[in-house]
Amino acid sequence: HGCRVLVWDLKKRVCAKVLVGHTAPVYAVAYSHGDTHVASAGSSGSILLHSQVSGVRVGELTPTGVSASSLPAVNALAFSPLEHGRLASVDDDGTVRIWDATSRTSVCEARRWHDGGATAVAFHPSDAGVLCTAGADKCVTFFDPSVKTATTKLSLPDAVLCCALSSDGNLVAAGLRGGSAIIYDVRRPNVSLCTLAAGSDAEPVVSIAWQARGASGAEVLSSPAPSSSEATRTTPLRTTTTTTTPAAPPSASTAVAAPASRAEAEAATTSTTPASSAFSSIVKAKKSLEEEMAEILAETTPAPPPPRSAPAATAKTMSTPANVPPPRATPAPPPPPPPTIDMDAMRDVVSDAVREAVNDAVGDAVRDAVREVQLAQIRHQMEIMDVVETLRQEVRALSSSLHTSQ
């Protein structure tokens, strides 16, 4: 769409907003943390900031000391997931810049970081002090902005057009001009984990992304289409590819979500709310206590006494006078009665234990649910404050533009 940036509503499948202001083709777009702003850049070399809420242009980022006519094209943008308003850009002359989008100033600049132009940039997902960049010099580097040095450098067999970090930051996927993608473990950068090739006639890989965190395995989404043999090959990392025809300059960036696996779909359909979790815990506690009650009753109920056998007769040889009667046999004493168990008292004890366990489970579940509601309210209030601050900035920008025009 040339010099315009289109914002799409995926639920309605319609274009929700059209962001204008660019005078040259757009090569890269990025959403800020919290989705409050959209940054876009292209062959003009300047970076425009638009409000995601209203679509109004609220700022512009331009390198100092460089004339507008000689600005190199910006090839990639990335917002930091850890630092609010921190934006990174790379351009055709190989320069890496880090911006403060809130104050509209450059906070770090490494000129000619890549020979032949820088093509991709990504922030580390868990380390705010690490930035991953790639370029036409066949290198992927991990850049420390505080000292402007490379902490890790990977040498690849071809020019790198795109790169992406996994959710834990340990793996990096790089798309090459020759149509293949290479996976590296950053902790062991000397040897690649695997190479994903789509065939000898594959197009350059211009975009690559990892599957969202929480999936059952690692998946990489890249641009070239695989051949039949490549699609059926079993590798440590599965790959899903789509066919694209790249133009001479990179096209406008689009976000693509990899399809969820069957395990993910089942996990999503069986996800529970705090209330259902509480009910499930109550049922489990009740069942456990009923089993304990049955075991107690089985242990305390006396077993029936074994049948008494008649004592064996012993023969004694003794001389008894004829006029003396034989002695009388003494009857055996009756067996003691079995111990009696108060079943009503036992049921009362077990019922009290069940009731106490159920009350504890319900209390914990209610407290967790209240805590979740309070956190949701706090997050909602923070989002409202961000929107209000964004609107204030827009009003100030509009006011200043009106004064300038007058």
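Everything here concerns the structure above.
Described in the following lines is the structure provided in the data block. (Residues numbered from 1 in each chain as written. Predicted model: local features only at pLDDT ≥ 70, side-chain atom pairs only at ≥ 80, totals over all residues. Heavy atoms only, no water.)

1. Details of the overall build of the protein chain
Right, on to step 1. Scanning the protein chain from terminus to terminus reveals 4 helices and 21 strands.
Right, on to step 2. The 406 residues of the protein chain split such that 34% are buried.
Right, on to step 3. Long-range contacts, defined here as pairs at least 24 residues apart, represent 43% of the contacts in the protein chain between residues at least 6 apart.
Right, on to step 4. With an accessible surface of roughly 25000 Å², the protein chain has 57% of that area assigned to carbon and sulfur atoms. (Helix = DSSP H or I, 4+ residues; strand = E, 2+ residues; numbered from the N terminus. Buried < 20%, exposed > 50% of the residue type's maximum accessible area, 1.4 Å probe, protein only. Contact = heavy atoms within 4.5 Å. Areas by Shrake-Rupley, 256 points an atom, 1.4 Å probe, with all protein chains shown as cover.)

2. Concerning empty space enclosed by the protein
Right, on to step 1. All chains considered together, the criterion is met by 2 cavities of 30 Å³ or more.
Right, on to step 2. Roughly 50 Å³ of volume is contained in the second largest cavity.
Right, on to step 3. Lining the second largest cavity are Gly-45, Ile-47, Leu-61, Pro-63, Leu-71, Pro-72, Val-74, Ser-89, Asp-91, Arg-97 and Trp-99.
Right, on to step 4. Looking at the lining of the second largest cavity, the elements that each hand over two or more residues are β8 (86-91) and β9 (96-100).
Right, on to step 5. Looking at the lining of the second largest cavity, its residues break down into 7 nonpolar, 2 polar and 2 charged. (1 Å grid on protein atoms, 1.4 Å probe; cavity = no way out; pocket = protein on both sides within 12 Å on 5 of 7 lines; lining within 4 Å. Points joined across faces, edges and corners; volume = space filled by probe spheres on them. Nonpolar A, V, L, I, M, F, W, Y, C, P; charged D, E, K, R; others polar.)

3. Concerning the environment of Phe-142
Right, on to step 1. Its location among the elements puts Phe-142 in strand β13 (residues 139-144).
Right, on to step 2. For Phe-142, a relative accessible area of 3% puts it in the buried group.
Right, on to step 3. Separated by 21 residues in the primary sequence, Phe-142 and Val-121 have C-alpha atoms spaced 9.8 Å apart.
Right, on to step 4. Non-local contacts of Phe-142, meaning those with residues more than four positions away in its chain, are made with Val-130, Leu-131, Cys-132, Thr-149, Ala-150, Thr-151, Thr-152, Leu-165, Val-172 and Val-186.

4. Overview of the layout of surface pockets
Right, on to step 1. Of the voids in this model, the second largest pocket is the one considered here, and its volume is about 230 Å³.
Right, on to step 2. Forming the walls of the second largest pocket are 14 residues, and the residues nearest its centre are Thr-36, His-37, His-84, Thr-102 and Gln-393.
Right, on to step 3. Looking at the lining of the second largest pocket residue by residue, the classes come out as 3 nonpolar, 8 polar and 3 charged.

5. Focus: unusual backbone geometry
Right, on to step 1. A positive phi angle is found at Arg-104, which is not glycine, with a value near 60°.
Right, on to step 2. Its location among the elements puts Arg-104 in the loop between β9 and β10 (105-110).
Right, on to step 3. Given the relative accessible area of 25%, Arg-104 is considered partly exposed.
Right, on to step 4. One non-glycine residue with positive phi stands out, namely Lys-138, at about 65°.
Right, on to step 5. Checked against the element boundaries, Lys-138 lands in the loop between β12 (131-135) and β13.
Right, on to step 6. Here Lys-138 falls in the partly exposed class, since its relative accessible area comes to 39%.

6. A closer look at helix α4 (residues 343-405)
Right, on to step 1. Taking 1.5 Å of rise per residue, the 63 residues of α4 would be expected to cover 93 Å, and the 92 Å separating its terminal C-alpha atoms lies within 8% of that figure.
Right, on to step 2. Listed as buried for α4 are Met-346, Val-350, Val-354, Val-358, Ala-361, Gly-363, Ala-365, Thr-390, Gln-393 and Glu-394. (Expected span 1.5 Å × (residues − 1).)

7. Quick word on the pattern of salt bridges
Right, on to step 1. Inspection of the entire model under this criterion finds 11 salt bridges.
Right, on to step 2. A salt bridge links Arg-57 to Glu-60; the nearest nitrogen and oxygen atoms lie 2.6 Å apart.
Right, on to step 3. Exposure remark for Glu-60: the relative accessible area of 36% places this residue in the partly exposed category.
Right, on to step 4. Arg-371 serves as the salt-bridge partner of Asp-368, at 2.8 Å between the closest nitrogen and oxygen. In this pair, Asp-368 and Arg-371 both sit in helix α4, 3 residues apart, roughly one turn of the helix.
Right, on to step 5. In this structure Asp-368 comes out as partly exposed when scored by relative accessible area, which is 39%.
Right, on to step 6. Overall, Arg-371 belongs to the partly exposed group, its relative accessible area being 43%.
Right, on to step 7. A single network of salt bridges, built from pairs that share partners, joins Asp-91, Arg-97, Glu-109 and Arg-111. (Salt bridge = Lys/Arg side-chain N within 4 Å of Asp/Glu carboxyl O.)

8. Remarks on the packing of aromatic side chains
Right, on to step 1. Tallied over the entire structure, the rule returns 1 aromatic pair.
Right, on to step 2. Between Trp-113 and Phe-143, the ring centres sit 4.6 Å apart and the planes meet at 70°, which makes this aromatic pair edge-to-face. Of this pair, Trp-113 sits in the loop between β10 and β11 (118-123) while Phe-143 sits in strand β13, and the two are 30 residues apart along the sequence.
Right, on to step 3. Accessibility expressed as a relative area gives 22% for Trp-113, which makes it partly exposed. (Phe/Tyr/Trp six-rings, centres within 6.5 Å; stacked < 30°, edge-to-face > 60°.)

9. Quick word on the sheet that holds strand β4 (residues 37-42)
Right, on to step 1. If you trace the 4 strands from one edge of the open sheet to the other, you get β3-β4-β5-β6, paired in antiparallel fashion. Each end of this open sheet is capped by a strand with a single partner; those strands are β3 (26-31) and β6 (57-61). Pairs of neighbouring strands in the sheet enclose a mean axial angle of 20°, with direction left out of account.
Right, on to step 2. When β3 meets β4, the two strands line up antiparallel, connected through 5 bridges. In the sheet register, Val-29 faces β4, and the bridge partner there is Ser-40. (Pairing = 2+ DSSP bridges. Axes fitted to C-alpha atoms, helices over the stretch in contact; angles between N-to-C directions.)

10. Let's talk about the side chain of Ser-32
Right, on to step 1. Along the polypeptide, Ser-32 turns up in the loop between β3 and β4.
Right, on to step 2. For Ser-32, a relative accessible area of 9% translates into the label buried.
Right, on to step 3. Among the polar contacts made by the side chain of Ser-32, one reaches the side chain of Thr-36 at a distance of 3.1 Å.
Right, on to step 4. Discounting residues that sit within four places of it in the chain, Ser-32 has contacts with His-37 and Phe-79. (Polar contact = N/O pair within 3.5 Å; in protein donor to acceptor, adjacent residues only side chain to side chain.)

11. Topic: the sheet that holds β9
Right, on to step 1. Within the open sheet, the 4 strands sit side by side as β7-β8-β9-β10. Their pairing is antiparallel. Two strands bound the open sheet, and with one partner strand each, they are β7 (74-79) and β10. Pairs of neighbouring strands in the sheet enclose a mean axial angle of 20°, with direction left out of account.
Right, on to step 2. Bridge count for β7 against β8 is 5 bridges, and the pairing is antiparallel. Along β8, the bridge assignment pairs Ala-76 with Val-90.

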